[in-house]
Amino acid sequence: MFMGFFWLLFLILIIIAVAYLGQSKAGGESNTSYFSQKEEPLEVAKIRYAKGEISKDEFEQMKKDLQD
């Protein structure tokens, strides 16, 4: 009876360890900060426009504001 409990506990610990390692690797590589690579603000605006996060009007306004 106790062997079954220990095997279950062991399997749960393995699953937690794998989930933790998978999450830490994914979190380390996929930084959501736009300025993580020290890009210029206009480049960030271009990237956001290309991803569809901002509209063309918003991009044009940002471009105008940044060039002034």
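Described below are features of the structure shown in this document. This structure is a prediction, so every number in the text was calculated from the model and none was measured.

## Considering the packing of aromatic side chains
- Within this structure, the stated rule accounts for three aromatic pairs.
- Each ring, one from phenylalanine 5 and one from phenylalanine 6, has its centre 5.7 Å from the other, and the planes form 65 degrees; the classification is edge-to-face.
- Residue classification places phenylalanine 5 among the partly exposed positions, given a relative accessible area of 48%.
- Look at phenylalanine 6 and you get partly exposed, because its relative accessible area is 48%.
- Ring centres 5.1 Å apart and planes at 15 degrees place the aromatic pair tyrosine 49 and phenylalanine 59 in the stacked group. A residue pair is termed long-range when its members are at least 10 positions apart, and tyrosine 49 in helix H2 (residues 41-51) and phenylalanine 59 in helix H3 (residues 56-67) qualify at ten residues.
- The buried category is assigned to phenylalanine 59, whose relative accessible area is 8%.

What counts and how
All chains use their own residue numbering, which begins from 1 and follows the written sequence. Under the rules for a predicted model, residues below a pLDDT of 70 receive no local features and side-chain atom pairs below 80 are neither given nor counted, while totals for whole chains, interfaces and linings still include all residues. Side-chain metrics rest on all non-hydrogen atoms present in the structure, leaving aside hydrogens and water. Between rings of Phe, Tyr and Trp, where Trp is taken as its six-membered ring, a pair exists when centres lie within 6.5 Å; planes separated by under 30 degrees are stacked, by over 60 edge-to-face, and by other angles tilted. Each residue gets one of three labels from its accessible area relative to the maximum for its type: buried under 20%, exposed over 50%, partly exposed in between, using a 1.4 Å probe on protein chains only. Numbering goes from the N terminus for both helices and strands, where a helix is a DSSP run of H or I of at least four residues and a strand is a run of E of at least two.

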